[in-house]
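Each chain, written out:
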Amino acid sequence: MTMWVFGYGSLLWNPGFPVARREVAVLHRYARSFCMTSIHHRGTEDHPGLVLALDETEGAHCKGLALSVEPGHEEQTLAELRARELISSAYLERDLEVELADGSIVTAVTYVIDPHHVQYCGGLSLEKQAQMIAHAVGGRGPNSEYLYNTASHLAEIGLHDQDLDWLASRVREITA
């Protein structure tokens, strides 16, 4: 059985595991947004950054990539994903159905935000998000790099995200 992972943020450009196949996919009932503070990878406790998360929202959908794990690497991939994504328990690991471009449905390991976690920060204005992203740096580098990489990779696969495009433009203005 094929193991699928749904990528909507850094997994688009840095999956960290051997990928056998990439397919454009849609996850229903969740919205991609900068609704999680980052105190490890893209910010610190004193100067938190923001990372993308999937926020459960009635009527929403998120376009991303379904990534199939190369056969034989499933166990290692799951262990590495858990170490990466569950570092602070703000994400919840779920097996959710995603719809591939051809209309088929697969179940994918998906990381969604826990709206009750202290790092949840849904509802921030785009300007507030831009200010936080522009000034935060964490263990994996500048928060702006995470934004730019995600926005550009979404555009490369034809999945423009209007909010991410606006944020990338605004953060470039702030940091110029």
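Computed from a predicted structure; not experimentally measured. (Residues numbered from 1 in each chain as written. Predicted model: local features only at pLDDT ≥ 70, side-chain atom pairs only at ≥ 80, totals over all residues. Heavy atoms only, no water.)

Chemist: How should I be thinking about the sheet that holds strand E2 (residues 19–38) in this particular structure?
Modeler: One key point about sheets: their strands pair by backbone hydrogen bonds, in either a parallel or an antiparallel sense. Read once around its circumference, the closed barrel built from 5 strands follows the order E1-E3-E2-E4-E5, with strand pairing classed as mixed. Across this sheet, the average inter-strand angle for adjacent strands is 40°, counted without regard to direction. In this structure, E2 lies alongside strand E3 (residues 49–69), joined through 16 bridges in antiparallel fashion. Note on E3: the bridge partner recorded for glutamate 23 is alanine 66. Running over the sheet, helix H1 (residues 74–85) touches strand E1 (4–7), E3, strand E4 (91–100) and strand E5 (105–113) and is turned about 25° from E5. (Pairing = 2+ DSSP bridges. Helix = DSSP H or I, 4+ residues; strand = E, 2+ residues; numbered from the N terminus. Axes fitted to C-alpha atoms, helices over the stretch in contact; angles between N-to-C directions. Contact = heavy atoms within 4.5 Å.)

Chemist: Is there a simple way to explain the pattern of salt bridges in this structure?
Modeler: For side chains bearing opposite charge, pairing can occur when the charged atoms are close. Per the stated rule, a full pass over the model turns up 8 salt bridges. The closest approach of N and O atoms between arginine 32 and aspartate 161, which form a salt bridge, is 3.0 Å. Here the residue arginine 32 occupies a position in strand E2, and aspartate 161 occupies one in the loop between helix H3 (143–156) and helix H4 (162–175), the gap between them amounting to 129 residues. The exposure classification of arginine 32 matches that of aspartate 161, with both residues buried. The shortest N-O distance in the salt bridge between arginine 170 and glutamate 127 comes to 2.9 Å. (Salt bridge = Lys/Arg side-chain N within 4 Å of Asp/Glu carboxyl O. Buried < 20%, exposed > 50% of the residue type's maximum accessible area, 1.4 Å probe, protein only.)

Chemist: Which parts of the structure should I look at to understand the environment of serine 38?
Modeler: Within the secondary structure, serine 38 sits in strand E2. On the accessibility criterion, serine 38 (5% relative accessible area) is buried. In this structure the C-alpha to C-alpha distance between serine 38 and asparagine 143, which are 105 residues apart in sequence, comes to 8.8 Å. Apart from the residues within four sequence positions on either side, serine 38 is in contact with Gly43, Thr44, Pro48, Gly49, Leu50, Val51 and Gln119. Of note is the side chain of serine 38, whose polar atom sits 2.8 Å from the backbone nitrogen of arginine 42. (Polar contact = N/O pair within 3.5 Å; in protein donor to acceptor, adjacent residues only side chain to side chain.)

Chemist: I tried to follow the pairing of E2 on my own but got confused; where do I start?
Modeler: A regular strand places its side chains on the two faces of the sheet in alternate fashion. Both E2 and E4 contribute to a ladder of 2 bridges, which runs antiparallel. Within E4, the position partnered with alanine 25 by the bridge is leucine 100.

Chemist: Any chance you could explain the packing of aromatic side chains here in plain terms?
Modeler: Aromatic rings in a pair are described by how distant their centres are and how their planes are angled relative to each other. Considering all chains together, one arrives at 3 aromatic pairs under this definition. With 6.3 Å between their ring centres and 25° between their planes, phenylalanine 6 and tyrosine 8 make a pair best called stacked. Between tryptophan 13 and tyrosine 146, the ring centres sit 6.3 Å apart and the planes meet at 70°, which makes this aromatic pair edge-to-face. Taken as a pair, tryptophan 13 in the loop between E1 and E2 and tyrosine 146 in helix H3 lie far apart in primary sequence, 133 residues in all. (Phe/Tyr/Trp six-rings, centres within 6.5 Å; stacked < 30°, edge-to-face > 60°.)

Chemist: Looking at this structure, how should I read unusual backbone geometry?
Modeler: For arginine 29, which is not glycine, the phi dihedral falls at a positive 75°. On the secondary structure map, arginine 29 appears in strand E2. Located in the positive-phi region is serine 89, a residue other than glycine, with phi close to 65°. Mapped onto the elements, serine 89 comes out in the loop between H1 and E4. Serine 89 sits in the partly exposed class, given a relative accessible area of 42%.

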